[in-house]
Amino acid sequence: MTNQKDSLIELMATHEETLSQLYQIYSQKYDYYQAFWQDIASEEIDHARWLHALNKRANRGELSFDEHLFKLPAITTSLQYLSQKVTEARLEDIPVLKALSISRDLENSMIEQKFFIVFQTDSPELKKVFSELEDATNLHAHKIKDLLDAQGQLPV
């Protein structure tokens, strides 16, 4: 179980790092939105750091893993899709609205899959970290949705 727990936490951290890469690419492609993309890219790196720290705590037995809530193949599939989007972003001219839609779908997918609600702990500190990760993901989804909703008033 510990091996699967380690793998899941590390995959989650890799997912956050890869999401940051995508947002960093978008920040370079869309000047008008550069600060927006850089901010959320930086926050994704913070999330990855939190997950790496959680992995150390998990190795000390401070977390239990509910495998019924989240399966390793789901995160693996999501990471493969995300990696494909990073490659596309590097090689293709993607309209900003498509970039926003992709980002919205990625963030919403993490929310729907209950990305950060797979571990159980009695530690209030760790519960707070999981709650903050979930809240930050919700915030990103809302920021992206707001930008999409404002599409008629912003440069494309």
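Just so we're clear, the structure is a prediction, and the values are computed from it rather than from any experiment. (Residues numbered from 1 in each chain as written. Predicted model: local features only at pLDDT ≥ 70, side-chain atom pairs only at ≥ 80, totals over all residues. Heavy atoms only, no water.)

A. Expanded view of the overall build of the chain. In terms of helices and strands, the chain carries five helices and two strands. Reading the chain from its N end, one meets helices and strands in the order α-α-β-α-α-β-α. A burial count over the chain gives 45% of its 156 residues as buried. Contacts spanning at least 24 positions in sequence make up 88% of the contacts within the chain whose residues lie at least 6 apart. For the chain, the exposed surface amounts to about 8100 Å²; the carbon and sulfur share of it is 50%. (Helix = DSSP H or I, 4+ residues; strand = E, 2+ residues; numbered from the N terminus. Buried < 20%, exposed > 50% of the residue type's maximum accessible area, 1.4 Å probe, protein only. Contact = heavy atoms within 4.5 Å. Areas by Shrake-Rupley, 256 points an atom, 1.4 Å probe, with all protein chains shown as cover.)

B. Highlighting the packing of aromatic side chains. All chains considered together, the criterion is met by five aromatic pairs. Centre to centre, the rings of tyrosine 26 and tryptophan 37 are 4.8 Å apart; their planes meet at 65°, and the pair counts as edge-to-face. Here the residue tyrosine 26 occupies a position in helix H1 (residues 2–29), and tryptophan 37 occupies one in helix H2 (residues 34–59), the gap between them amounting to 11 residues. For the pair tyrosine 32 and tyrosine 33, a centre-to-centre distance of 5.2 Å together with 80° between the ring planes defines the contact as edge-to-face. The exposure class assigned to tyrosine 32 is exposed, which follows from its relative accessible area of 55%. (Phe/Tyr/Trp six-rings, centres within 6.5 Å; stacked < 30°, edge-to-face > 60°.)

C. View of the environment of asparagine 55. Examined against the element boundaries, asparagine 55 turns out to sit in helix H2. Between the C-alpha atoms of asparagine 55 and isoleucine 9, which are 46 residues apart in sequence, the distance is 6.0 Å.

D. Geometry of the side chain of glutamate 107. Position of glutamate 107 among the secondary structure elements: in helix H4 (residues 96–112). No salt bridge is formed by the buried glutamate 107; its nearest oppositely charged neighbour, lysine 143, is found at 9.9 Å. Looking at glutamate 107, its side chain comes within polar contact range of the side chain of tyrosine 23, at 2.7 Å. (Lys, Arg positive; Asp, Glu negative; His and termini not counted. Salt bridge = Lys/Arg side-chain N within 4 Å of Asp/Glu carboxyl O. Polar contact = N/O pair within 3.5 Å; in protein donor to acceptor, adjacent residues only side chain to side chain.)

E. Representation of the nonpolar core. Ranked by size, the top nonpolar core spans 24 residues in total, and within it Leu22, Tyr23, Tyr26, Tyr30, Trp37 and Leu100 carry the most contacts. Elements represented by at least two residues in this core include exactly H1, H2, helix H3 (72–91), H4 and helix H5 (124–149). With six residues, H4 is the largest single contributor of residues to this core. Contacts of leucine 22, omitting those with residues within four sequence positions, involve Leu82, Lys85, Val86, Ala89, Ile102 and Leu106. (Core = buried A, V, L, I, M, F, W, Y, C linked by side-chain atoms within 4.5 Å.)

F. Representation of H3 within the structure. In a regular helix each residue adds 1.5 Å, so 20 residues correspond to 28 Å; H3 covers 29 Å between its end C-alpha atoms and thus fits that length. Among the residues of H3, those classed as buried are Ile75, Ser78, Leu79, Leu82, Lys85, Val86, Glu88 and Ala89. (Expected span 1.5 Å × (residues − 1).)

G. Here's a closer look at H2. Taking 1.5 Å as the rise per residue, H2 with 26 residues should run 38 Å; its terminal C-alpha atoms sit 38 Å apart, in good agreement. Three or more residues of H2 are buried, namely Phe36, Trp37, Ile40, Ala41, Glu44, His47, Ala48, Leu51, Leu54, Asn55, Arg57 and Ala58. Of the residues flanking the end of H2, it is glycine 61, one or two places downstream, whose phi is positive at about 85°.

H. Quick look at the pattern of salt bridges. Inspection of every chain in the model, using the stated rule, returns five salt bridges. Residues glutamate 43 and lysine 143 are paired through a salt bridge, measuring 3.9 Å at the closest nitrogen-oxygen approach. One end of the pair, glutamate 43, is in helix H2; the other, lysine 143, is in helix H5, and 100 residues separate them in sequence. Lysine 85 serves as the salt-bridge partner of glutamate 88, at 3.0 Å between the closest nitrogen and oxygen. Pair noted here: glutamate 88 and lysine 85 are both in helix H3, with a separation of three residues, about one helical turn.

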